[in-house]
There are 2 protein chains.
Amino acid sequence: MPKQVDHQARRTQIADALVRVAAEQGLEAVSLRHVAAAADVSTGMVQHYFRTKDEMMGFAMAVVRERNQERITGRMSRLGPEPGPRELLRTLIAGVLPLDDESRAYGRVALAFLAYTAVRPAAGDPLRKDTEELLGFVTDLIRAGGKASDPAGAAAGLLAVMEGLGVHLLAGHFTPERAIGALDTHLDLLFP
Amino acid sequence: MPKQVDHQARRTQIADALVRVAAEQGLEAVSLRHVAAAADVSTGMVQHYFRTKDEMMGFAMAVVRERNQERITGRMSRLGPEPGPRELLRTLIAGVLPLDDESRAYGRVALAFLAYTAVRPAAGDPLRKDTEELLGFVTDLIRAGGKASDPAGAAAGLLAVMEGLGVHLLAGHFTPERAIGALDTHLDLLFP
């Protein structure tokens, strides 16, 4: 197997194990040893990807970001020709929300990461950059809809809705039906 | 000192120490020993309030809920005679958001608790009941505003905005100005 492919396959194997263990036990409780056992590799191999807790948290979050991006890009590309801004935003947000087993696992990792960085701000830098980019993208789509008087404020509100529905879903406060209903009600307000 | 007062004073002392240590180091990282040292009492005294990690998490969340309720009830009672639904909702949400040191400490504890219960659903039962009650209260206020076509859906969306702005503030993604701006933009949509 060529070296590059081998590296990519190993990374995927370890990333899968990390997300799986974190989704079951909580990211904070996960150790290097846990992940090695779940991935069926040596602890030395796992250490190649992260040596410290900070690195493990960062690696887990990077994996979740990548996979969410793939999910959403795939769904958006299947929307048909020239989807409108509302349709794009709904696809984006529903794709991130923890509504099935896979996205629930990702959501648990993301929530653990947020709680971790809330007391260690430096560890959250990559996520802050992502949020800025996403905010710009959402602002442009809301502006394209042409109904909001304050597109940037409305975009920040919509990202808050996404994050908050995710938290309420993960905590079992909202059913998937209630969360999707609240999202549609909110989009009705933004795109009347 | 009468026994009841003594108990209440001790509880407050330990609750303060727990919230302080959790806000600095993360709730998951906090041990009984940490809290005892910060409260300047014996570990046996702390064990009287919680013996297990689950009990500690539950105690911390109960303290945060109580204090938030006091903060918000106080602010609402100072709003003057017959405040409108929009004013009440803004006061409620701005009172919960982590915008100052005190509410930031509470927010960090709440976020850690949510991440903890996302992988241990049973531990989150009390919070689920609270959310239902809050949802009913917010639905009534939105209905009283008389503009929303789906008050329950709009209430779920508004609670999501509150939760999501809290997360984005704690993670340092949003400044206080941006969060309050997004809240006001959202209230403008609900109460046009």
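Given the structure is predicted, the values throughout are model-derived calculations rather than measurements.

*Asks:* Can you walk me through the overall build of chain A in this structure?
*Replies:* Helices and strands together make up the secondary structure of chain A, namely 9 helices and 0 strands. Reading the secondary structure of chain A in the N-to-C direction produces α-α-α-α-α-α-α-α-α. Compactness check: chain A gives a C-alpha radius of gyration of 18 Å against a globular reference of 16 Å for 192 residues, within 12% of the reference. In terms of principal-axis extent, the alpha carbons of chain A reach across some 55 × 35 × 30 Å. Buried positions account for 49% of the 192 residues belonging to chain A. Excluding contacts between residues fewer than 6 apart, the proportion of contacts in chain A whose partners are at least 24 apart in sequence is 65%. Surface summary for chain A: the accessible area is close to 8800 Å², and the carbon and sulfur share equals 53%. On chain A, the mean spot of the 22 positive side-chain charges and the mean spot of the 24 negative ones are 3 Å from each other.

*Asks:* Looking at this model, I keep getting lost on the pattern of salt bridges. Mind explaining?
*Replies:* Pairing between side chains of opposite charge can happen when the charged atoms of each approach one another. A full pass over the atoms with the stated rule returns 26 salt bridges over all chains. Here Arg178 of chain B and Glu132 of chain A are joined by a salt bridge, their closest N and O atoms 2.9 Å apart. Placement of the pair is Arg178 of chain B in helix α9 (residues 176-190) and Glu132 of chain A in helix α7 (residues 125-145), with the two residues belonging to separate chains. Using a relative accessible area of 29% as the deciding quantity, one classes Arg178 of chain B as partly exposed. Linking Asp188 of chain B and Arg86 of chain B is a salt bridge whose minimum nitrogen-to-oxygen distance equals 2.9 Å. With Asp188 of chain B in helix α9 and Arg86 of chain B in helix α5 (residues 85-96), this residue pair connects regions lying 102 residues apart in the sequence.

*Asks:* What should I look at first to understand the relation of the copies chain A and chain B in this one?
*Replies:* Two copies of a chain can be linked by a rotation about an axis combined with a shift along that same axis. When chain A is fitted onto chain B, the two copies agree to an RMSD of 0.0 Å after a turn of 180° and an axial shift of 0.0 Å. What we have between these two chains is a two-fold relation. Measuring from the rotation axis to each C-alpha of chain A, the shortest distance belongs to Gly164 of chain A, at 2.0 Å. Taken as a fraction of all interface residues of chain A, those also at the interface in chain B reach 100%, which identifies the copy contact as same-surface.

*Asks:* In this structure, what is going on with the confidence of the model for chain A? I would like to understand it.
*Replies:* One rule of thumb: low pLDDT means the predicted coordinates there are not for detailed reading. Across chain A, the average pLDDT comes to 90, with 97% of residues at or above 70. When pLDDT is averaged over each element of chain A, helix α5 (residues 85-96) of chain A comes out on top at 96 and helix α1 (residues 3-25) of chain A at the bottom at 84.

*Asks:* Teacher, can you tell me more about the UniProt feature "DNA-binding region" (unreviewed entry) in chain A here?
*Replies:* Under the UniProt annotation, "DNA-binding region" (unreviewed entry) lies at residues 31-50 of chain A. The distance separating the terminal C-alpha atoms of residues 31-50 of chain A is 11 Å; by composition the span is 75% helix and 0% strand.

*Asks:* Sorry if this is basic, but what is going on with the interface of chain A and chain B here?
*Replies:* Accessible area lost during the coming together of the parts is what is often quoted as the interface size. Counting residues at the interface gives 43 residues for chain A and 43 residues for chain B. Carbon and sulfur atoms make up 69% of the surface buried where chain A meets chain B, a total of about 3500 Å² over both sides. The largest per-residue losses of area from chain A upon contact with chain B belong to Val119, His173 and Leu189 of chain A, which jointly make up 15% of the total buried on that side. Inspection of the region where chain A meets chain B yields 13 residue pairs in polar contact (both at pLDDT 80 or more). Looking at the side of chain A that touches chain B element by element, the count peaks at 13 residues for helix α8 (residues 151-170) of chain A. Here the side of chain A that touches chain B is composed, by residue class, of 23 nonpolar, 11 polar and 9 charged.

*Asks:* What is the right way to look at helix α6 (residues 101-118) of chain B in this model?
*Replies:* If you check α6 of chain B, its first and last C-alpha atoms are 26 Å apart, about what 18 residues at 1.5 Å a residue would give, namely 26 Å. A large share of α6 of chain B lies buried, amounting to 14 of its 18 residues.

*Asks:* Before we go on, may I ask you to explain the UniProt feature "domain: HTH tetR-type" (unreviewed entry) in chain A in this structure?
*Replies:* Here, the residues flagged by UniProt with the feature "domain: HTH tetR-type" (unreviewed entry) are residues 8-68 of chain A. For residues 8-68 of chain A, the end-to-end C-alpha separation is 18 Å, with 80% helix and 0% strand making up the annotated structure.

*Asks:* I'm lost on the side chain of Asn68 of chain A in this one. Help?
*Replies:* Relative to the helices and strands, Asn68 of chain A resides in helix α4 (residues 53-77). Excluding anything up to four places from it in sequence, Asn68 of chain A contacts Gly95 and Tyr106 of chain A.

*Asks:* Looking at this model, I keep getting lost on the packing of helix α7 (residues 125-145) of chain B against helix α8 (residues 151-170) of chain B. Mind explaining?
*Replies:* A pair of packed helices can be characterised by two numbers: the angle between their axes and the separation between those axes. Residues and elements named next belong to chain B. Put simply, α7 and α8 touch, their axes get as near as 8 Å, and they point 120° apart. Relative to α8, α7 is oriented oblique. Between α7 and α8 lies a crossing whose hand is right-handed. Taken together, the residues of α8 that come into contact with α7 (itself represented by Thr131, Leu134, Leu135, Val138, Thr139, Ile142 and Arg143) are Pro151, Ala152, Ala154, Ala155, Ala156, Leu158, Leu159 and Met162. Of the residues that constitute the contact of α7 with α8, the class distribution is 12 nonpolar, 2 polar and 1 charged.

*Asks:* Looking at this structure, how should I read the side chain of Thr131 of chain A?
*Replies:* Within the secondary structure, Thr131 of chain A sits in helix α7. Classification of Thr131 of chain A as buried rests on a relative accessible area of 8%. A distance of 2.9 Å separates a polar side-chain atom of Thr131 of chain A from the backbone oxygen of Leu127 of chain A. Apart from residues no more than four positions distant in its own chain, Thr131 of chain A is found in contact with Leu159 of chain A together with His168, His173 and Phe174 of chain B.

*Asks:* Just checking my understanding: could you explain unusual backbone geometry for this structure?
*Replies:* Outside of glycine, negative phi angles account for most residues, and trans bonds account for most peptide bonds. Residues and elements named next belong to chain B. Its identity is not glycine, yet Asp40 carries a phi of approximately 60°, on the positive side. Tracing the chain through its elements places Asp40 in the loop between α2 (32-39) and α3 (43-49). Judged by relative accessible area, Asp40 falls into the exposed class, the value being 69%. The phi dihedral of Glu82 falls on the positive side, at around 45°, and the residue is not glycine. Looking at the secondary structure, you find Glu82 in the loop between α4 (53-77) and α5.

What counts and what doesn't
- Along each chain, numbering runs from 1 in the same order as the chain's sequence is written.
- Chain letters start at A and ligand numbers start at 1, both assigned in the order the entries are written.
- In keeping with the model being predicted, local features are shown solely for residues with a pLDDT of at least 70 and side-chain atom pairs are shown and tallied solely at 80 or more, while totals for entire chains, interfaces and linings include all residues.
- Heavy atoms from the whole structure form the basis of all side-chain values; hydrogens and water molecules are not counted.
- The helix count covers DSSP runs of H or I at least four residues long, the strand count covers runs of E at least two residues long, and both are numbered beginning at the N terminus.
- Our radius of gyration looks at C-alpha atoms and nothing else; its globule reference is 2.2 Å times the residue count to the power 0.38.
- Only protein chains enter the accessibility calculation, which uses a 1.4 Å probe. A residue is then buried if its area is under 20% of the maximum for its type, exposed if over 50%, and partly exposed in between.
- Two residues form a contact once any of their heavy atoms are found within 4.5 Å.
- Per-residue and other accessible areas were derived by the Shrake-Rupley procedure at a 1.4 Å probe size, with only the shown protein chains allowed to occlude residues.
- Neither His nor the chain ends is counted toward charge; the positive residues are Lys and Arg and the negative residues Asp and Glu.
- Throughout, a charge is located at the NZ atom of Lys, the CZ atom of Arg, the CG atom of Asp or the CD atom of Glu.
- A side-chain nitrogen of Lys or Arg and a carboxyl oxygen of Asp or Glu constitute a salt bridge if their distance falls within 4 Å.
- A residue counts toward the fit only if its pLDDT is at least 70 in both copies, and the copies are then superposed by least squares on the C-alpha atoms of those residues.
- Each residue carries a pLDDT value, the predictor's own confidence for that position, ranging from 0 to 100.
- UniProt positions are given in the numbering used here, feature names are shortened, and annotations may be inferred rather than shown by experiment.
- Put simply, buried area is how much 1.4 Å-probe accessible surface two parts lose in total, over both of them, once they are put together.
- We define a polar contact as two N or O atoms separated by no more than 3.5 Å, with the added condition that, inside protein, one atom must be a possible hydrogen donor and the other a possible acceptor, whereas residues neighbouring each other in sequence contribute only through side-chain atom pairs.
- All residues other than Ala, Val, Leu, Ile, Met, Phe, Trp, Tyr, Cys, Pro, Asp, Glu, Lys and Arg, Gly among them, are scored as polar; the first ten of these are nonpolar and the last four charged.
- The length a helix should cover is 1.5 Å for every residue beyond the first.
- The convention used is that axes are lines fitted to C-alpha atoms, helices contributing only their stretch in contact, and that angles between N-to-C directions extend from 0 to 180 degrees.
- Small angles under 35 degrees read as roughly parallel and large ones over 145 as roughly antiparallel, with 65 to 115 read as roughly perpendicular and the rest as oblique.
- Handedness of a crossing follows from how the near helix is turned relative to the far one, being left-handed for an anticlockwise turn of less than a right angle and right-handed for a clockwise one.

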